[in-house]
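If you want the building blocks of each chain, they are given just below.
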Amino acid sequence: MKIKYELIKEEKNTQARLGKIKTNYGEYMTPMFMPVGTLATVKTLSPEELKNVNAGIILSNTYHLSIRPGEDVVMHAGGLHKFMNWNGPILTDSGGYQVFSLADKDNIKEEGVYFKNHLNGDKLFLSSEKSIEIQNKLDSDIAMSFDECIGYPAEYDYVKQSVERTLRWAKRGKDVFNNDNQSLFGIVQGGIYPDLREYCAKELVKMDFDGYSIGGTSVGEDKPTMYDMVSMSTKYLPKDKVRYLMGVGDPIDIIENVMRGVDIFDCVSPTRLARHGHAYTKYGKINLKNSKYKEDFTPIEDCDCYACKNYTKSYIRHLITSNETLGARLLSIHNIRFLIRLTEDLRNAIKNDNIIEYKKEFERNYYGKENK
RNA sequence: GCGAGAUUGGUGAAGUGGUUAACACGCCGGAUUGUGGCUCCGGUAUGCGUGGGUUCGAUUCCCACAUCUCGCC
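The structure reproduced in this document is the subject of the present report. For clarity, every value in this text was computed on a predicted model and none was experimentally measured. (Residues numbered from 1 in each chain as written. Chains lettered and ligands numbered in written order. Predicted model: local features only at pLDDT ≥ 70, side-chain atom pairs only at ≥ 80, totals over all residues. Heavy atoms only, no water.)

1. A word on the layout of surface pockets
Move 1: A volume near 740 Å³ is recorded for the largest pocket.
Move 2: If you go around the largest pocket, you meet 32 residues; those closest to its centre are Val-36, Tyr-97, Gln-98, Asp-266 and Val-268.
Move 3: When contributions to the lining of the largest pocket are tallied by element, the ones reaching two or more residues are strand E5 (58-61), helix H5 (96-101), strand E13 (264-267) and helix H11 (269-275).
Move 4: For the lining of the largest pocket, the per-class residue count stands at 10 nonpolar, 16 polar and six charged.
Move 5: Of the residues that make up the lining of the largest pocket, three or more belong to each of domain 1 (4-267) and domain 2 (268-372).
Move 6: Space inside the second largest pocket adds up to approximately 290 Å³.
Move 7: Residue lining of the second largest pocket: Lys-282, Tyr-283, Glu-301, Asp-302, Phe-338, Arg-341, Leu-342, Asp-345, Tyr-358, Glu-361, Phe-362 and Asn-365, and that is the complete set.
Move 8: Elements that contribute at least two residues to the lining of the second largest pocket include exactly helix H14 (325-351) and helix H15 (355-366).
Move 9: For the lining of the second largest pocket, a count of residues per class yields five nonpolar, one polar and six charged. (1 Å grid on protein atoms, 1.4 Å probe; cavity = no way out; pocket = protein on both sides within 12 Å on 5 of 7 lines; lining within 4 Å. Points joined across faces, edges and corners; volume = space filled by probe spheres on them. Helix = DSSP H or I, 4+ residues; strand = E, 2+ residues; numbered from the N terminus. Nonpolar A, V, L, I, M, F, W, Y, C, P; charged D, E, K, R; others polar. Domains from an automatic or database assignment.)

Below is the structure:
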């Protein structure tokens, strides 16, 4: 089936929305946070551990899986869910972000993008049609259109022609898309330019996608600019479809963008920060590698996750500084749980129409002096 | 006991009669937003075994002492 979004409630004072999405693998409330599992694994976590932090949809990647093990391997395994033993919904990114992070601008052509395989240097080609075909074989629940994620700063003229091309790619992908068991999202680009965001969003809506993403943010711009980019995108998206802000993020960014009408987020931060020894806490991000935690025999914080229920900062610090994988795993569990719990709290705030107060309180703690 | 060589941060070490004593590791911090776990960026010896001497100036040259290593008795 296609995913279905049901708008349950709009918050009184902001554009925040409480919703529910129905998928092939159950129903989930939004706003929600999707852990990133690029290579068919949320790094260091087992599916059981993901369930235990109350994860809903997880994200995986077309480009990476196509290189290794190859989409045919995944297909022969019976699809991504069976392959990785995840019986929840999966969204696959199209490889569009890799256009931004891995390809040379000169290699972005109308027909598609020429990459150098980041593992062995092999020449690779990814196009709108090919991305859809791969995602089809991977058998994700939600596929993304192939787009160009534009960096910042970018000249108006470049962004304009890039948006036009992204729209043509979206159309081409949709034309070859033929799978009643998978949904397809369009991606709003347009950089920092309001008229291009508007144009892109409206054109995508005309094509009638199953959901809409906002891309091209968090690529070097400052926070107010990023929030504006989101506002000028959600403004033109239909209320009866889900909105997904790609690659964000940071706890404060999640709150800010929920207030701008975003339903779904994903970000590598919780797991990447974990691998580098950082933990989110109510009182801000902490670095467990700091020597002050050497003999801190208390949990990371008052939290319901497995790491906080069973381990101390001192022990996790020891694991991280010793490069033991359990350290990264415990911190990943905590950080993902932190962001998922944040979205749970935001859902309550929407129900109670007090999201502005919630944000103020959150920021007071997060940026406060306590525990620093 | 005699002879030779050595002694520079937490570690391995480079180096020079004249501004801030190289580099690496470690350590101490920081970064990380549609994932390369890679990585990146800062900081880290007021000091060159100890005490004298030569010199305008010594970690560098000279002397004594201490300690270490290797050889000989």
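Having seen the structure, we can now continue with the description.
2. As for the protein's contact with RNA strand B
Move 1: Near RNA strand B lie 39 residues; those nearest to it are His-64, Cys-149, Val-268, Thr-271 and Arg-275.
Move 2: Within 4 Å of the protein, the atoms of RNA strand B are drawn from sugar and phosphate moieties in a proportion of 51%.
Move 3: Note that a sugar or linking oxygen of RNA strand B is positioned 2.7 Å from one of the backbone N or O atoms of Gly-247.
Move 4: Interatomic distance of 2.9 Å between a side-chain N/O atom of His-276 and a base nitrogen of RNA strand B.
Move 5: Only E5, H5, E13 and H11 provide two or more residues apiece to the surface near RNA strand B.
Move 6: In terms of residue count, the dominant contributor to the surface near RNA strand B is H11 (five residues). (Near = heavy atom within 4 Å. Polar contact = N/O pair within 3.5 Å; in protein donor to acceptor, adjacent residues only side chain to side chain.)

3. Structural notes on the pairing of strand E7 (residues 113-116)
Move 1: Only one face of E7 is covered, namely the one carrying Val-113 and Phe-115; the face carrying Tyr-114 and Lys-116 has none of its residues buried.
Move 2: In this structure, E7 lies alongside strand E8 (residues 123-126), joined through four bridges in antiparallel fashion. Note that in E8 the partner of Lys-116 across the bridge is Lys-123.
Move 3: Remark: six residues form the turn of the hairpin made by E7 and E8, two consecutive strands paired antiparallel; Gly-121 in that turn has positive phi of roughly 85°. (Buried < 20%, exposed > 50% of the residue type's maximum accessible area, 1.4 Å probe, protein only. Pairing = 2+ DSSP bridges.)

4. As for the environment of Val-262
Move 1: Mapping Val-262 onto the fold places it in the loop between helix H10 (251-258) and E13.
Move 2: Of the residues examined, Val-262 reaches a relative accessible area of 0% and is grouped as buried.
Move 3: Each C-alpha atom, one on Val-262 and one on Arg-329, is 29 Å from the other, the two residues being 67 residues apart in sequence.
Move 4: Those residues in contact with Val-262, other than ones at most four positions away along the chain, are Pro-31, Ile-214, Val-230, Thr-234, Arg-243, Leu-245 and Asn-257. (Contact = heavy atoms within 4.5 Å.)

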